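Structure assessment
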Amino acid sequence: MTATLITGIGELTTNDDELGRLHDAAVIIEDERIRWVGPAARAEPTDARVDVGGRAALPGWVDSHTHLVFAGDRTAEFEARMAGQAYSAGGIAHTVDATRAATDAELTKTVRRLVREAVSQGTTYLETKTGYGLTVDDESRCARIAAKHVDEVTFLGAHIVPPGADAEDYLATVTGPMLVAVAPVVRWVDVFCEKGAFDATQSERVLRAAAERGLGLRVHGNQLCEGPGVELAVRHGAASVDHCTYLSDNDVDALAGSWRDGSAAGGTVATLLPACDLSTRQPLAPARRLLDAGAVVALASNANPGSSYTTSMAFCVATAVLQQGLSVEEAVWAATRGGAKALRADTGDGAVGVLRPGARADLHVLDAPSVTHLAYRPGVPLTCAVWRNGAREC
């Protein structure tokens, strides 16, 4: 076993309830795990030693909502939206056409590029979705490609009904042969429960079919208006409902209540996508309202070519602090341990989003003395060093 001591940490955000935030701290990484966390003066000697010179460190970002397997470009759509055209889910069809026409090598090149880009900015754990193939063969190949390059794969065959297809026939394919084809390489199933996509009855069919196969549940919901997405997600025990831009009081109560019902797996996380809200000129999701009610909030990039073409979790954190009413500590937690909770990956051996003995060795060092600089200096690239699953990436 090879051990590395990361010392000289001026401020260490652990996200661990017992360890809290430490100063003049050190971390020992052994292979793929955190072996020890504590005061630098008490650290044991190791095979290798890296002094980060008083910089701040935190768990790597956990980006729990991305769409990285795609082809094509939607710059013109973005430009039109910035000129006043309303956002709708229909633009997804353009990416579907390009993705179907792309080779496996072309799709792989895009995924690799975006993963490298994300890791270089401190993201160490990534989920990504299918949803730009929308045929059995294309969804299956997108899932296989994703599984080679990210940590968690979600099947989103229920993204939209392909143009020209009958909704009921397509839904039967999604819940039948398409689900069978992707099941061996995905952990989650998602559905876009929204106007222009799938209604409550259709969405419930997708969730039930996924649950019958033992797959975890996720929901895109409440992005364009109040709707049934949150209620469906909570009622079916989904790990996360994502977007949450338009929420009724009942939606907020349901999300908060899902964490008070004693479920061993945990409640339903409200995953907020602020870069998407800004790019689509929607209101920013009510992060403060959710936290004050007792809900659990995650932040994610929603990296995709149409509505949120960014991999910058730091941008999402800064937006949450500067425009959504979160403290720096709350926003950093939401982008690390909150994302891990949305993926049911924050507990046990190899947990992510937290720095404690036994957790996965994902460490993000900032070229700054405190995580406060993430919002204090918005837009400034602050990533100094990244360890991902025990290996130094940059």
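These numbers come from a predicted model, not from an experiment.

Another point: the overall build of the protein chain. What the protein chain contains, in helices and strands, is 13 helices and 16 strands. Relative to its length of 394 residues, the protein chain is compact, with a C-alpha radius of gyration of 20 Å against a globular reference of 21 Å. Overall size of the protein chain, expressed as C-alpha extent along the three principal axes, is 65 × 45 × 45 Å. Taken over 394 residues, the protein chain has a buried fraction of 59%. Long-range pairs, those at least 24 residues apart, make up 72% of the contacts in the protein chain between residues at least 6 apart in sequence. Accessible surface, the protein chain as shown: approximately 14,900 Å² in total, 49% of it carbon and sulfur. Averaging the positions of the 36 positive and the 49 negative side-chain charges in the protein chain gives two centres separated by 3 Å.

In this section: a positive patch on the surface. Taken together, Lys109, Arg112, Arg113, Arg116, Arg144 and Lys148 make up a surface patch of like positive charges. By residue number, the principal contributor to the positive patch is helix 3 (residues 104-119), which donates 4 residues. Assignment of secondary structure puts Lys109 in helix 3. With relative accessibility at 65%, the residue Lys109 sits in the exposed group.

A few words now on the packing of aromatic side chains. All chains considered together, the criterion is met by 2 aromatic pairs. With a centroid separation of 5.9 Å and 75° between ring planes, the pair formed by Phe70 and Tyr309 is classed as edge-to-face. With Phe70 in the loop between strand 6 (61-63) and helix 1 (75-82) and Tyr309 in the loop between strand 13 (297-299) and helix 11 (313-323), this pair connects stretches of sequence that are 239 residues apart. Connected via pairs of aromatic rings, a cluster forms that spans Phe70, Tyr132 and Tyr309. Here Arg218 stacks its cationic end above the ring of Trp188, 4.5 Å away from the centre of that ring.

On to the environment of Cys225, then. Checked against the element boundaries, Cys225 lands in the loop between strand 10 (216-221) and helix 7 (229-235). Overall, the relative accessible area of 27% leaves Cys225 in the partly exposed class. Spatially, the C-alpha atom of Cys225 lies 37 Å from that of Asp362, the residues being 137 residues apart in sequence. When residues no more than four places from it in sequence are discounted, the contact partners of Cys225 are Glu194, Lys195 and Tyr246.

This part covers helix 5 (residues 167-182). Val174 marks the point of greatest bend in helix 5, at about 40°, and the proline Pro177 comes within the next four residues. Of the surrounding secondary structure, the elements contacted by the buried residues of helix 5 are helix 4 (136-147), strand 8 (152-158), strand 9 (188-193) and helix 6 (200-212). Between a side-chain oxygen at the N-terminus of helix 5 and the backbone nitrogen of Glu168 the separation is 3.1 Å; the capping residue is Asp166.

Rules of the game
Per chain, the residues get numbers from 1 upward, laid out in the order the sequence is written. Only residues with pLDDT of at least 70 get local features here, since the model is predicted, and only at 80 or more are side-chain atom pairs given and counted; chain-wide, interface and lining totals rely on the full set of residues. Where side-chain values are given, they derive from all heavy atoms of the structure, hydrogens and water being excluded. Segments assigned H or I by DSSP are reported as helices when at least four residues long, segments assigned E as strands when at least two residues long, and all are numbered from the N terminus. To get the radius of gyration, use the C-alpha atoms; to get the globule rule, take the number of residues to the power 0.38 and multiply by 2.2 Å. Think of it in three bands: with a 1.4 Å probe and only protein chains considered, a residue is buried below 20% of the maximum accessible area for its type, exposed above 50%, and partly exposed in between. What makes two residues a contact is simply this: any of their non-hydrogen atoms within 4.5 Å. Values of accessible area rely on a 1.4 Å probe in the Shrake-Rupley scheme; residue burial ignores everything except the protein chains shown. When charges are counted, Lys and Arg are positive and Asp and Glu negative, with His and the chain ends excluded. For charged residues, the charge sits on one atom: NZ in Lys, CZ in Arg, CG in Asp, CD in Glu. Patch definition: residues with relative accessible area over 30% and no salt bridge; like charges joined within 9 Å; nonpolar side chains (Val, Leu, Ile, Met, Phe, Trp, Tyr) joined within 5 Å. Counted as salt bridges are all cases of a side-chain nitrogen of Lys or Arg within 4 Å of a carboxyl oxygen of Asp or Glu. Any Phe, Tyr or Trp ring, taking Trp's six-membered ring, that has another such ring centre within 6.5 Å forms a pair; planes under 30 degrees apart are called stacked, those over 60 apart edge-to-face, and the others tilted. Put simply, a charge is over a ring when the Lys NZ or the Arg CZ is close to the ring centre, within 6 Å, and near the line of the ring normal, within 35 degrees. Bend angle per residue: angle between axes fitted to the 7 residues ending at that residue and the 7 residues starting there. Distance and chemistry together define a polar contact, namely a pair of N or O atoms within 3.5 Å, with one atom able to donate a hydrogen and the other to accept it when in protein, and with adjacent residues in sequence counting only for side-chain atoms on both sides.

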